[in-house]
2 protein chains.
Amino acid sequence: MEEESLSRSWRGAGSMPWYVGASQLLGVASVVMTGVWMGHYRGGYAWDGSAQEFNVHPLCMVLGMIFLYGDAIMVYRVFRTESKRSVKILHAVLHALTLLISVIGIVAVFQFHSGSSIPHMYSLHAWCGMLTFVLFIAQWLLGFLFFLFPGATAWLRSCYLPLHAFFGLVLFGLAVATCLLGMVEKLLFSILDTYSRFTAEGVLANCLGMVLLGYGVLVGYVLTRDDFRRPPHPEEEALSVHFKTLTEGGATSP
Amino acid sequence: MEEESLSRSWRGAGSMPWYVGASQLLGVASVVMTGVWMGHYRGGYAWDGSAQEFNVHPLCMVLGMIFLYGDAIMVYRVFRTESKRSVKILHAVLHALTLLISVIGIVAVFQFHSGSSIPHMYSLHAWCGMLTFVLFIAQWLLGFLFFLFPGATAWLRSCYLPLHAFFGLVLFGLAVATCLLGMVEKLLFSILDTYSRFTAEGVLANCLGMVLLGYGVLVGYVLTRDDFRRPPHPEEEALSVHFKTLTEGGATSP
């Protein structure tokens, strides 16, 4: 029965590389398009409190909170045959990198606001962004304490896992939405008068929005499709790793 | 074994009314707050191509594509003990109502644009909105053909079901994101100079954004939590309804 389910799971997973490959194309495209938008149309990059320092913000957030975050949550599907511990560590390291790059991006926008005497945290984009970022840090810390730190019992882990998986995907969706909100703000602050005339910058930004959505949907699909899940590994079962409890719970196992 | 799983499912589902109740509070709050924003701060409603006709747009979209859509996709959880056919019909009717109200909202904004000589479909909000709406109609038609129209075989239904459930949730998330984008546009078009001073209208809109996110997350949680799923009904099994295939597939069963 278990072997049958394992074999069915393997057959279904044959198409996964296509979805993952497509997601990587869109992920790289989103970073490149953000780089071109800020680099070519918005005057390039600096670190001096000017509008060029602001330009570091979108680039870092798309690279960190979208591309790296998306890849970090897909590792349990992409490396579904590797040992659980290695994949856990890769998941945590990619998230730590996401955190580092996002902090640089957030510092950039706060310094730009201070340098230009613009109040902080007044817009819906800022509220959504800060909410996402604070919950992302909480999620990272809880994930570390429950799944990498040796103190948590298997029971505690199995209770927290479905919440960790659910909020991981919710925060990723929130990060994509927050990016789109920031793009609308930037467009209306920069090209309010010409946006409605389908100028190249506006169309590039709209296409970037579509690419971000495409990346988000593909990551969500790879994560939630049932036969892309990690199959049970006999050696992990033998080591009484907490796998059985988790798969029985039907959670999107990290 | 099946009885045990059924009983476990029932125990877990005991907390569902709290989540559904909270979602309804947030859903109603989002409609009321949109109504107050447009009614009190933006000059009320009309149907004459003016800015007051535009105000019909946010109200209809929040009522239709957010509140009713969210409720329509929760019916399989909320009425998990009712007959499948009745719940299917309720699901389809709520979606038809969503479609009707959204069409009114979309006509309102197109008439306002025409009346004010503003080009159509240039903004990221418009692109996301149109994408969501076209896919929503496709999803509704496919859902009707596969699950209500008698022609589709059980095999076809079971193949399409996971995609229908996945895209149903994705489009709901996209609808929430599109609303937030529209709110940012409206804020920057209306109160660009005062938004950063934390004026009442800006704070109300930001709070509305948080309420919409909260509603979206609660609906997503109710839909994806494993023990909130519809338990197997013996009389449906006897009637060889396509339930077994569906639950074995592990899909979020509509």
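Residues numbered from 1 in each chain as written. Chains lettered and ligands numbered in written order. Predicted model: local features only at pLDDT ≥ 70, side-chain atom pairs only at ≥ 80, totals over all residues. Heavy atoms only, no water.

As recorded in an unreviewed UniProt entry, chain A goes by the name Transmembrane ascorbate-dependent reductase CYB561, listed as coming from Coilia grayii.

(A) Spatial organisation of the overall build of chain A. Helix and strand counts for chain A stand at 10 helices and 0 strands. Seen in sequence order, chain A has helices and strands lined up from the N terminus as α-α-α-α-α-α-α-α-α-α. Per-residue burial over chain A gives 51% buried out of 254 residues. Of the contacts made within chain A by residues no fewer than 6 positions apart, 74% connect residues no fewer than 24 positions apart. (Helix = DSSP H or I, 4+ residues; strand = E, 2+ residues; numbered from the N terminus. Buried < 20%, exposed > 50% of the residue type's maximum accessible area, 1.4 Å probe, protein only. Contact = heavy atoms within 4.5 Å.)

(B) Spatial organisation of the interface of chain B and chain A. On the side of chain A, 39 residues touch chain B, which itself brings 39 residues to the contact. Across the chain B/chain A interface, buried area totals approximately 3,400 Å², and carbon plus sulfur atoms make up 82% of it. A per-residue breakdown of the area chain B buries against chain A is headed by Tyr122(B), Leu124(B) and Trp127(B), which together make up 18% of the total. Across the contact surface, chain B and chain A share 0 salt bridges. If you look at where chain B meets chain A, you find 6 residue pairs in polar contact (both at pLDDT 80 or more). Within the residue set of the side of chain B that touches chain A, elements represented by two or more residues are helix H6 (124-148), helix H7 (154-191) and helix H8 (200-224) of chain B. At 13 residues, the largest contribution of residues to the side of chain B that touches chain A is made by H7(B). In the side of chain B that touches chain A, the residues fall into 28 nonpolar, 9 polar and 2 charged. (Buried area = accessible area lost by both parts, 1.4 Å probe. Salt bridge = Lys/Arg side-chain N within 4 Å of Asp/Glu carboxyl O. Polar contact = N/O pair within 3.5 Å; in protein donor to acceptor, adjacent residues only side chain to side chain. Nonpolar A, V, L, I, M, F, W, Y, C, P; charged D, E, K, R; others polar.)

(C) Structural context of helix H4 (residues 56-78) of chain B. At Ala72(B), H4(B) shows its strongest bend, of approximately 30°. Summarising burial for H4(B): 20 of the 23 residues are buried, a large majority. (Bend = angle between axes of the 7 residues up to and from the residue.)

(D) Structural view of helix H6 (residues 124-148) of chain A. Taking 1.5 Å per residue as the helical rise, H6(A) with its 25 residues ought to reach 36 Å, and the 35 Å between its terminal C-alpha atoms agrees with that figure. Among the residues of H6(A), Leu124(A), His125(A), Ala126(A), Cys128(A), Thr132(A), Phe133(A), Phe136(A), Gln139(A), Gly143(A), Phe146(A), Phe147(A) and Leu148(A) are the ones counted as buried. Buried positions along H6(A) lie against helix H4 (56-78), helix H5 (84-115) and helix H7 (154-191) of chain A together with H7 and H8 of chain B. (Expected span 1.5 Å × (residues − 1).)

(E) Main features of the packing of H4(B) against H8(B). Residue and element names in this part refer to chain B. Running from N to C, H4 and H8 cross one another at 20°; their axes reach a closest spacing of 9 Å. The angle between the axes of H4 and H8 places the two elements in the roughly parallel class. As H4 packs across H8, the resulting crossing turns out to be left-handed. Across the interface between the two elements, Val62, Ile66, Phe67, Gly70, Asp71, Ile73, Met74 and Arg77 from H4 touch Leu212, Tyr215, Val219, Val222 and Leu223 from H8. When its residues are assigned to classes, the contact of H4 with H8 shows 10 nonpolar, 1 polar and 2 charged. (Axes fitted to C-alpha atoms, helices over the stretch in contact; angles between N-to-C directions. Parallel < 35°, antiparallel > 145°, perpendicular 65-115°, else oblique. Left-handed = near helix turned anticlockwise from the far one by under 90°.)

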